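# Coordinate inspection notes
Residue-level listing of the chains:
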Amino acid sequence: MTQTRNPRQLRSARWFAPDDLRSFGHRSRMMQLGYSEADFMGKPIVGILNTWSELNSCHAHFRDRAQDVRRGVLQAGGFPVELPAISVDESFTKPSSMLYRNLLGIETEEQIRAHPLDGVVLMGGCDKTTPGLVMGALSAGVPMIYLPAGPMLRGNFAGQTLGSGSDAWKYWDERRAGKISPDQWQGLQGGIARSAGVCMTMGTASTMTAIADAMGLTLPGASSIPAVDSGHQRMSADCGRRIVEMIEQQLTPDRVVTAPAVRNAATVAMALGCSTNAVVHLIAIARRAGVDLTLDDLDALGRVTPLIANVRPAGTEYLMEDFYYAGGLRALMVQLRDRLDLSCLTVTGRTLGENLEGAEVWNADVIRPLSNPVYPEGSLAVLRGNLCPDGAVMKPAACDPKFHTHEGPALVFDSYAEMKAAVEDETLDVTPDHVMVLRNAGPLGGPGFPEWGMLPIPRTLIRQGHRDMLRISDARMSGTSYGACVLHVAPEAFVGGPLALLRTGDTIRLDLSARRLDMLVDADELDRRRAAWTPPEPRFQRGWGWMFSRHVTQADKGCDFDFLERGFGPAAGEPEIC
């Protein structure tokens, strides 16, 4: 353990301790807020960065949880201050919440740097909030602990268990096929999301909170606790108590988020059946921490890490509530312990190995042993080829194995609106062997890299009984989605990537075992098409979108802003106080 700080060594003391006019003003304004000097002077000041909003159902309980955190901070002798952070909810933020992940990262970093905070509790969970908060806090560098929102309760309608997103896609296709009545659809709508909390499938939210957990940024196993379980309240108060201790011990995130910790998180993600979005976010987090993580690194881990969490959509039956009852993330990591670096330091001040002591699997069908995996390899595969020279991502376990090797004609769409209209046209000339392609849906083209990649099956094929086909895009897709979808094609079409040169009728070949994705078009023809290609007009002419477009990196680099990565330059340092 590092030596405990004395009060005058606290970061916040620069605002309050000196006997001068500026500190007089700071102390006076605290008194204006109703606090006496006994409340805050000489105490660790803890920022509670809360992404609650009335439009974010995943975080509907965060007003109450912030009070639990405050209770813990006060009990430990700290002084809590709650600050709002942009909520970046997945459901209502358009055109894509991904457009604003980096904005949350900037806001988090600058709020911490600009205010008298000695440490922070980061309250997030909905998809982009975990990476956004963590990226910003890594760059700020003060002690931090992550408080995950937790999954909602499993859905239910007419005696059937429903999974977030996954069953929405499933039953939407049944409705399009004429097999779901309006009353049934209304019942599904009300039954699929029954409480506060993030999606209870292994979607992006549960994936990313588990990654934060495996990386050592949460209290052990915190990511698995359901949002409305009383254990979540206790965990929240524990976060408040622990951050005060972390401040005293000077336990900063650079000591936790190391190259071995990032590798641990990636290994766990593969074993979980993680969302494809984990690739983008994990690379971005790693680069903020100065860790070199590439698509090829993730693919190599995916080839040797069995998928052992039997949680939908990659799993066959269970949801996050079942995963928690089966032992949660700590139990899964016990199964993987020989593949993890157990010496990694965590926010508890203990090693990962120490945090796993006593964890057990209570249901071996939910959390499988390595000898009986759900799928023999990890969740994700990275493809290369003349269609995606910088990479593309696929989730093999979540699709029909017959599509692991496929060759067929392309059916190309230049926009989501064009594609959406076409798939509802029952005269569309399409067969199950066609490869649907959506382009101009990447970081710049979307704009904002929207979750459009699970392209709907054309209605004419739905009526014939087909429920999957090979689909390719430079978009992302929801972690709750499934099917033979190749995503994150890089470089994206909007910047002139090879996807921009593809034409309807060209033959596409996918060979998963070889990790190849190619268009069977000769090089001379591609050269002619490239010479004729003209760049599209920028999506934004001013504001945040303009800034995003100027600085966002491509999918294979994590879609952070180039000037925010660790390698761009040193952090700004502490502000002048005057």
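Structure: see above.
### What about the overall build of the protein?
Across its full length, the protein holds 20 helices and 14 strands. In terms of overall size, the protein behaves like a compact globule, its C-alpha atoms giving a radius of gyration of 24 Å where 578 residues would be expected to give roughly 25 Å. Principal-axis analysis of the C-alpha atoms places the extent of the protein at approximately 80 × 55 × 45 Å. For the protein, the proportion of its 578 residues judged to be buried stands at 59%. Considering only residue pairs separated by 6 or more positions, the protein has 77% of its internal contacts joining residues 24 or more positions apart. Accessible area of the protein: about 22000 Å², with a carbon and sulfur share of 50%. Across the protein, the centroid of the 58 positively charged side chains sits 2 Å from that of the 67 negatively charged ones.

### Topic: the sheet that holds strand 7 (residues 381–383)
The mixed open sheet is built from eight strands, whose spatial order is 7-8-12-11-10-9-13-14. Each of the sheet's edge strands pairs with one partner strand only, and the pair in question is strand 7 and strand 14 (516–519). Neighbouring strand axes in the sheet, compared pairwise and without regard to direction, differ in orientation by 30 degrees on average. Of the pairings in the sheet, the one linking strand 7 to strand 8 (residues 392–394) comprises three bridges and is antiparallel in character. By the bridge assignment for strand 8, Leu383 is matched with Ala392.

### Observations regarding the state of the cysteines
Under the definition given, this model contains zero disulfides. Here Cys344 stays free of any disulfide, with the sulfur of Cys274 as its closest cysteine sulfur at 19 Å. Look at Cys344 and you get buried, because its relative accessible area is 9%.

### As for the side chain of Ser206
Residue placement: Ser206 occurs in helix 9 (residues 204–214). A residue is classified by how much of its surface remains accessible, and Ser206, at 3% relative accessible area, is buried. For Ser206, the residues in contact, after removing those within four places along its chain, are Pro151, Val198, Cys199, Thr201 and Met320.

### Points about the sheet that holds strand 1 (residues 45–50)
Across the sheet, four strands lie side by side as 2-1-3-4; this open sheet has parallel pairing. At either margin of the open sheet sits one strand with a lone partner, and together these are strand 2 (79–84) and strand 4 (144–148). Each adjacent strand pair in this sheet contributes to an overall mean axis angle of 20 degrees, direction not counted.

### Digging into the pairing of strand 13 (residues 507–511)
Residues of strand 13 alternate between two faces, with Ile508 and Leu510 buried on one and Thr507, Arg509 and Asp511 left unburied on the opposite face. In this structure, strand 9 (residues 405–413) lies alongside strand 13, joined through five bridges in antiparallel fashion. Bridge pairing links Thr405 to Asp511 in strand 13. Taken together, the four bridges between strand 13 and strand 14 define a ladder with antiparallel strand orientation. Each bridged residue has a counterpart across the sheet, and for Asp511 the counterpart in strand 14 is Arg516. Connecting the antiparallel pair strand 13 and strand 14 is a turn made up of four residues, with Arg515 showing a positive phi of about 55 degrees.

### Re empty space enclosed by the protein
Counted by the stated rule, this structure contains three cavities of 30 Å³ or more. Approximately 60 Å³ is the volume attributed to the largest cavity. Every residue lining the largest cavity is listed: Asp213, Gly216, Thr218, Pro220, Gly221, Arg330, Met333, Thr346, Leu352, Asn355 and Leu356. Where the lining of the largest cavity is concerned, the elements lending two or more residues are helix 15 (328–335) and helix 16 (352–355). When grouped by side-chain class, the residues that make up the lining of the largest cavity number four nonpolar, five polar and two charged. Roughly 40 Å³ of internal volume is contained in the second largest cavity.

Procedures and definitions
- Residues numbered from 1 in each chain as written.
- Predicted model: local features only at pLDDT ≥ 70, side-chain atom pairs only at ≥ 80, totals over all residues.
- Heavy atoms only, no water.
- Helix = DSSP H or I, 4+ residues; strand = E, 2+ residues; numbered from the N terminus.
- Rg over C-alpha atoms; globule rule 2.2 N^0.38 Å.
- Buried < 20%, exposed > 50% of the residue type's maximum accessible area, 1.4 Å probe, protein only.
- Contact = heavy atoms within 4.5 Å.
- Areas by Shrake-Rupley, 256 points an atom, 1.4 Å probe, with all protein chains shown as cover.
- Lys, Arg positive; Asp, Glu negative; His and termini not counted.
- Charge placed at Lys NZ, Arg CZ, Asp CG, Glu CD.
- Pairing = 2+ DSSP bridges.
- Axes fitted to C-alpha atoms, helices over the stretch in contact; angles between N-to-C directions.
- Disulfide = S-S within 2.5 Å.
- 1 Å grid on protein atoms, 1.4 Å probe; cavity = no way out; pocket = protein on both sides within 12 Å on 5 of 7 lines; lining within 4 Å.
- Points joined across faces, edges and corners; volume = space filled by probe spheres on them.
- Nonpolar A, V, L, I, M, F, W, Y, C, P; charged D, E, K, R; others polar.

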